[in-house]
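Okay, here's what each chain looks like letter by letter:
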Amino acid sequence: MTTTEQTTSPARVWLVLVLLAAAVGAPGVADAYIGPGAGFAVLGSFAVLFVTMILAGISILAWPFRTLWRMVRRRRRSKPLVKRTIFVGFDGQDARITERMMAEGKLPNFSRLAERGCYRRLRTTFPSITPVAWSSFSTGTNPGRHNIFDFLDRDPRTYLPRLSSAHIGSVEKFLKLGKLRIPLKKPDIRLLRKSKPWWTILGEHNIWSTVIRVPITFPPDRFYGAQLGAMCIPDLLGTQGTFMLFTTRPDDEAFQEGGVRVTLSPNGSPSTYEAKVTGPENAFFEGNPPMELPLVVDVDRAAGSARVSINGSTAEVRTGELSDWVKLDFPAIPGMKVGGLTRLMLTEVDDNVSLYMSPINIEPGKPAMPISHPSYYSSYLEKKIGPFATLGLAEDTWALNEKVTDDGTFWNQTQGIDAEREQMLDIALDTLRSGALVTVFDATDRVNHMYWRYIEDGHPAAAGIEEPAFADAIERQYIRNDEIVGRVLDRINDDDVLFVLSDHGCTSFRRGVNLNAWLLREGYLTLKEDADGSEPWLQSVDWSKTRAYAVGLVGIFLNVRGREAHGIVEPGDDTAALKAEIAGKLKGLVDAETGDVAINEAFDTDTLYRGPYKGNAPDLLMGYNHGYRISWDCASGVVAGAVFTDNVKAWSGDHIVDPRLVPGIMLCNREVSSDDPHITDMAPTVLTLFGIRPAAHMDGKPILGKESL
Amino acid sequence: MFGTTKIKLDSGLVERIRKFSEIAGYSSPEEFITHALEKELALLEDTEDEEEIKKRLQGLGYMS
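In this text, all values refer to a predicted model and were calculated from it rather than measured experimentally.

Engineer: Tell me about the overall build of chain A, and please be specific about residues and values.
Structural biologist: Within chain A one finds 17 helices and 37 strands. The C-alpha atoms of chain A give a radius of gyration of 26 Å, which matches the 27 Å a tight globule of 709 residues would have. Projecting the C-alpha coordinates of chain A onto the three principal axes gives extents of approximately 70 × 70 × 55 Å. For chain A, the residues scored as buried account for 56% of the 709 residues in total. For chain A, contacts bridging at least 24 residues in sequence account for 67% of all contacts bridging at least 6.

Below, the structure written as structure tokens:
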């Protein structure tokens, strides 16, 4: 579904030419900012395509010269032990489930790989969450050296959370042309993961790497190779995934938080409704008004279907069936559009009409933000496999949590994205003559999260659900992973080295722990006078009287003088003593309602981490027991309420627990030298395989060398 | 246009940086210099708008 605006007046044609000249001449290539508050400021979709094509052409023509330059410039020579090293990552694949299914004969290809080489449990990071673990995989370092401790960081000046992995700034310099503002400088978009990933080091030795959807690669690294970025690429609105529900249901009907509800209004007939699709904010205009597209829904109640028209193009949708990718082109200014992809589904079409629209992904064919390296790599993949999901957390867990979609829709959505990923892996396997390849599949993690309630008796999130159709969803996903491994095994050469791994496992999430409510109860956190603690983002907190607080998903910060804006705890001995006091109280904390231990241990990160960034970590890291995790309220900075609450959301399994409880897996087609490998061992291992001595700053050790090849 | 700018530094300073960066766990002297400068800049730069932050975090599956 595309639409192109007509520009016919001479004044508009002249404006477009001027803008194009400014866009091509302005600094930065295919760089844009998408974000609430500062809007969408882009060089323009046409200019992006134009400049991208120019760059692609220059890149091809310059290839012989660049190759020669690299050979001349190469300072260190390596003697590779292998021609290709391949990593296939299954985010979240749990060791206990894998071992049980292997023993039951349900994962024959995993077993085949283990027999050919080895199987080990893979120790994960503290904390055991995706951004931290994959950053350690990439760099071979502990979090103190790569600076990723959580999905979220907190700004010590405001106590507010922010994304830990990427900074997306605003465009600050504009050329004003009447009501228009033309961006003159590209926005500041920075990857906040530090240290150096192994693929960059390989590139310094003229060894190619293809890196597909490894978390915490946005914006992408620049190295000798190709990369498709992953977490935390935003959606077209600049968020981490906002779905829309267009509905005729009255506003006073319950619609929980998460996503955006848009009213569908009748349009002159009992079967036609209209609304507007809100896109990114438009920084070309003062005040950043949102870009919009008109949406019309013509329903056929008898058939349970509808024709959806968005800005002149149409798609047929049916009740309960997710559409294929639908392209949306938001008009920024005349002659310039911003492209996105979404999937649609009718959720009801009777007395009320409701239409689900998935988060609008950045279009990979003409991406409005830097999502790949080289910048045209995503376009290349789009030409090869068609449209694909680009959002960092692409599977719409929130719509399922909010019961806007259902188990079947989420399963189909996840499997669709998984299939796209395998196509990318296939292309990379076909084209990689020598070098390294890593592809991460996310489906296992999402399926673990959303269907765990069905594999555990009495899970509060499964209350009232008799014989769920997706009771075996987790096993089905692991079987699919096994099939992928089988296909990879059939395609690799005998001298290739293959690793199959996961970054962590998974366990139950039945009870949420509101750390801020506990800190309030214990007197470490104080609310403002007349505040009840129900406001999000710690807005109710009196910082002048608060000694400790929780922000993010993994731990507690102390309110340290000189570090936090309103710190009251003296650094040094006072901080150490307070940390020990709180850790002592949390160790073995019991949930009085169940009698279970909720927190095994609270770890002092000062002793846990080594490196120049460890000061950015929470002071105490929680090691939750099986069944427990930070509560939804606590994650949003709400202080009020009980310390322990049931988790009744579909998101019913998790791994933000004591990392010792959720190791990942590692299989290799060679025997490795360690019985107890750690995820930080992967980077030094791949360097060793290509004849490069692992860097001194790496914490991991190589576990495969000449003797095993 | 390609993301980096050259700055001249006293060679004695660079040598001290090179020695310290390895001990401290940086992957390169460049990383150490970048970190040192970023720490200083963080003290000077404005904070982000609260509403922008909240909107940007919207949709992250771990949070309500």
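Engineer: A description of the overall build of chain B should follow, citing residues and the corresponding values.
Structural biologist: From N to C terminus, chain B includes three helices and zero strands. Taken from N to C terminus, the helices and strands of chain B fall in the order α-α-α. Buried residues in chain B amount to 22% of all 64 residues.

Engineer: Please provide a residue-by-residue account of the confidence of the model for chain B, values included.
Structural biologist: Residue and element names in this part refer to chain B. Of the residues in chain B, 75% reach a pLDDT of 70 or more, and the chain-wide mean stands at 81. The least confident element of chain B is helix 3 (residues 50-57), whose mean pLDDT is 68; the most confident is helix 1 (residues 11-24), at 91. Both scores are given for the predicted complex: the pTM is 0.90, the ipTM 0.83.

Engineer: Please provide a residue-by-residue account of helix 5 (residues 130-139) of chain A, values included.
Structural biologist: All names here are of chain A. Counting buried positions along helix 5 gives ten out of ten residues, so the element sits mostly inside the fold. Within the span of helix 5, buried status applies to T130, P131, V132, A133, W134, S135, S136, F137, S138 and T139. Where the residues of helix 5 are buried, they touch helix 6 (143-146), helix 7 (198-204), helix 11 (443-451) and helix 17 (682-689). G140 lies just past helix 5 and shows a positive phi near 75°.

Engineer: Tell me about helix 14 (residues 573-586) of chain A, residues and numbers included.
Structural biologist: Residues and elements named next belong to chain A. When the terminal C-alpha atoms of helix 14 are compared, their 20 Å separation across 14 residues agrees well with the 20 Å that a helix rising 1.5 Å per residue should span. Buried residues of helix 14: T575, L578, K579, I582 and L586, and no others. Along the long axis of helix 14, the arc covered by the buried residues comes to 100°, so they all point the same way. The exposed set on the far side of helix 14, more than 90 degrees from its buried face, consists of D573, A577 and G584. Packed against the buried residues of helix 14 are strand 29 (548-550), strand 30 (555-558), strand 31 (589-591), strand 32 (596-604) and strand 33 (620-624). At the exit of helix 14 stands G588, carrying a positive phi of roughly 75°.

Engineer: Run through the sheet that holds strand 13 (residues 244-247) of chain A, naming residues and quoting values.
Structural biologist: All names here are of chain A. Spatially, 14-13-23-22 is the arrangement adopted by the four strands of the open sheet, whose pairing is mixed. Of all the strands in the sheet, the pair left with one neighbour each is strand 14 (260-263) and strand 22 (344-349). When strand polarity is set aside, the average angle formed by the axes of neighbouring strands in this sheet is 20°. Pairing analysis gives five bridges linking strand 22 to strand 23 (residues 353-357), with the strands arranged antiparallel. The partner of M345 across the bridge, within strand 23, is Y356.

Engineer: Account for the domain arrangement of chain A, with residues named and values stated.
Structural biologist: Residues and elements named next belong to chain A. Each domain of chain A was delimited in the assignment, giving domain 1 (78-148 + 193-232 + 392-504 + 663-709) and domain 2 (510-661). Relative placement of domain 1 and domain 2: their C-alpha centres are 30 Å apart. Listing elements by their share of the side of domain 1 that touches domain 2, those giving two or more residues are helix 6, helix 9 (397-401) and helix 11. Across the side of domain 1 that touches domain 2, the residue classes break down as nine nonpolar, 14 polar and three charged.

Engineer: I'd like to hear about the packing of helix 11 of chain A against helix 12 (residues 473-491) of chain A, residue by residue, with values.
Structural biologist: All names here are of chain A. Contact pair helix 11 / helix 12: the axes reach a minimum separation of 9 Å and the direction vectors enclose 170°. As summarised for this structure, helix 11 and helix 12 are arranged roughly antiparallel, according to the angle between their axes. Listed contacts from helix 12 to A443, T444, V447, N448 and Y451 of helix 11 are A473, I474, Q477 and N481. Of the residues contributing to the contact of helix 11 with helix 12, the split by class is five nonpolar, four polar and no charged.

Engineer: So what's going on with unusual backbone geometry? Residues and values would help.
Structural biologist: Residue and element names in this part refer to chain A. Of note, the bond from F126 into P127 is cis; its omega dihedral lies within 30 degrees of zero at 0°. Relative to the helices and strands, P127 is located in the loop between strand 4 (118-122) and helix 5. Put simply, F218 and P219 share a cis peptide bond, and its omega is -10°. Within the secondary structure, P219 is located in the loop between strand 11 (209-212) and strand 12 (225-228). Backbone geometry places R213, a non-glycine residue, at a positive phi of 55°. As for its position among the elements, R213 is in the loop between strand 11 and strand 12. Its 28 C-beta neighbours within 10 Å are what place R213 among the buried residues.

Engineer: An account of the sheet that holds strand 20 (residues 326-333) of chain A is needed here, citing residue identities and associated values.
Structural biologist: All names here are of chain A. Sheet architecture is open: three strands sit in the order 20-21-24, paired in antiparallel fashion. Two strands in the sheet have a free side with no partner beyond their single neighbour: strand 20 and strand 24 (361-362). In this structure, strand 20 lies alongside strand 21 (residues 336-342), joined through seven bridges in antiparallel fashion. Paired with D329 across the two strands is G339, which belongs to strand 21.

Engineer: Let's hear about the pairing of strand 21 of chain A: which residues, and what values?
Structural biologist: Residues and elements named next belong to chain A. The buried fraction of strand 21 is high, at seven of seven residues. Neither face of strand 21 is open: one carries M336, V338, G340 and T342, the other K337, G339 and L341, and all of them are buried. For strand 21 and strand 24, the ladder comprises two bridges, and the chain directions are antiparallel. Its bridge partner lying in strand 24, L341 is registered against N361.

Engineer: Tell me about the environment of A:K179, and name the residues and values.
Structural biologist: Here A:K179 is to be found in the loop between strand 8 (174-177) and strand 9 (180-183). Residues within four places of A:K179 in sequence aside, it is in contact with A:F285 and A:E286.

Engineer: Please set out the pairing of strand 22 of chain A residue by residue, giving values where relevant.
Structural biologist: Burial of strand 22 of chain A is extensive: five of the six residues sit out of reach of the surface. Hairpin connection, strand 22 of chain A to strand 23 of chain A: the antiparallel pair is bridged by three residues.

Engineer: Before we move on, can you summarise the environment of A:L689 with the specific residues and values?
Structural biologist: With respect to the helices, strands and loops of the structure, A:L689 is situated in helix 17. Along the chain, A:L689 and A:A436 lie 253 residues apart, while their C-alpha atoms are 10.0 Å from each other.

Engineer: Explain the environment of A:E535 to me, and be specific about the residues and the numbers.
Structural biologist: Within the fold, A:E535 resides in the loop between helix 13 (515-521) and strand 29. Residues A:E535 and A:A640 lie 105 residues apart in sequence; the distance between their C-alpha atoms is 8.2 Å.

Engineer: Summarise the packing of helix 8 (residues 377-385) of chain A against helix 10 (residues 407-431) of chain A; cite the residues concerned and give the values.
Structural biologist: All names here are of chain A. One way to put it is that helix 8 packs onto helix 10 with a least axis distance of 11 Å and a crossing angle of 105°. The angle between helix 8 and helix 10 falls in the class roughly perpendicular. Where helix 8 approaches helix 10, its residues L381, K384 and I385 are matched on the opposing element by E420, Q423, M424 and I427.

Definitions and cut-offs
Residues numbered from 1 in each chain as written. Chains lettered and ligands numbered in written order. Predicted model: local features only at pLDDT ≥ 70, side-chain atom pairs only at ≥ 80, totals over all residues. Helix = DSSP H or I, 4+ residues; strand = E, 2+ residues; numbered from the N terminus. Rg over C-alpha atoms; globule rule 2.2 N^0.38 Å. Buried ≥ 20, exposed ≤ 12 C-beta atoms within 10 Å, placed from the backbone. Contact = placed C-beta atoms within 7 Å. pLDDT = per-residue confidence, 0-100. Expected span 1.5 Å × (residues − 1). Arc of directions from axis to C-beta. Pairing = 2+ DSSP bridges. Axes fitted to C-alpha atoms, helices over the stretch in contact; angles between N-to-C directions. Domains from an automatic or database assignment. Nonpolar A, V, L, I, M, F, W, Y, C, P; charged D, E, K, R; others polar. Parallel < 35°, antiparallel > 145°, perpendicular 65-115°, else oblique.

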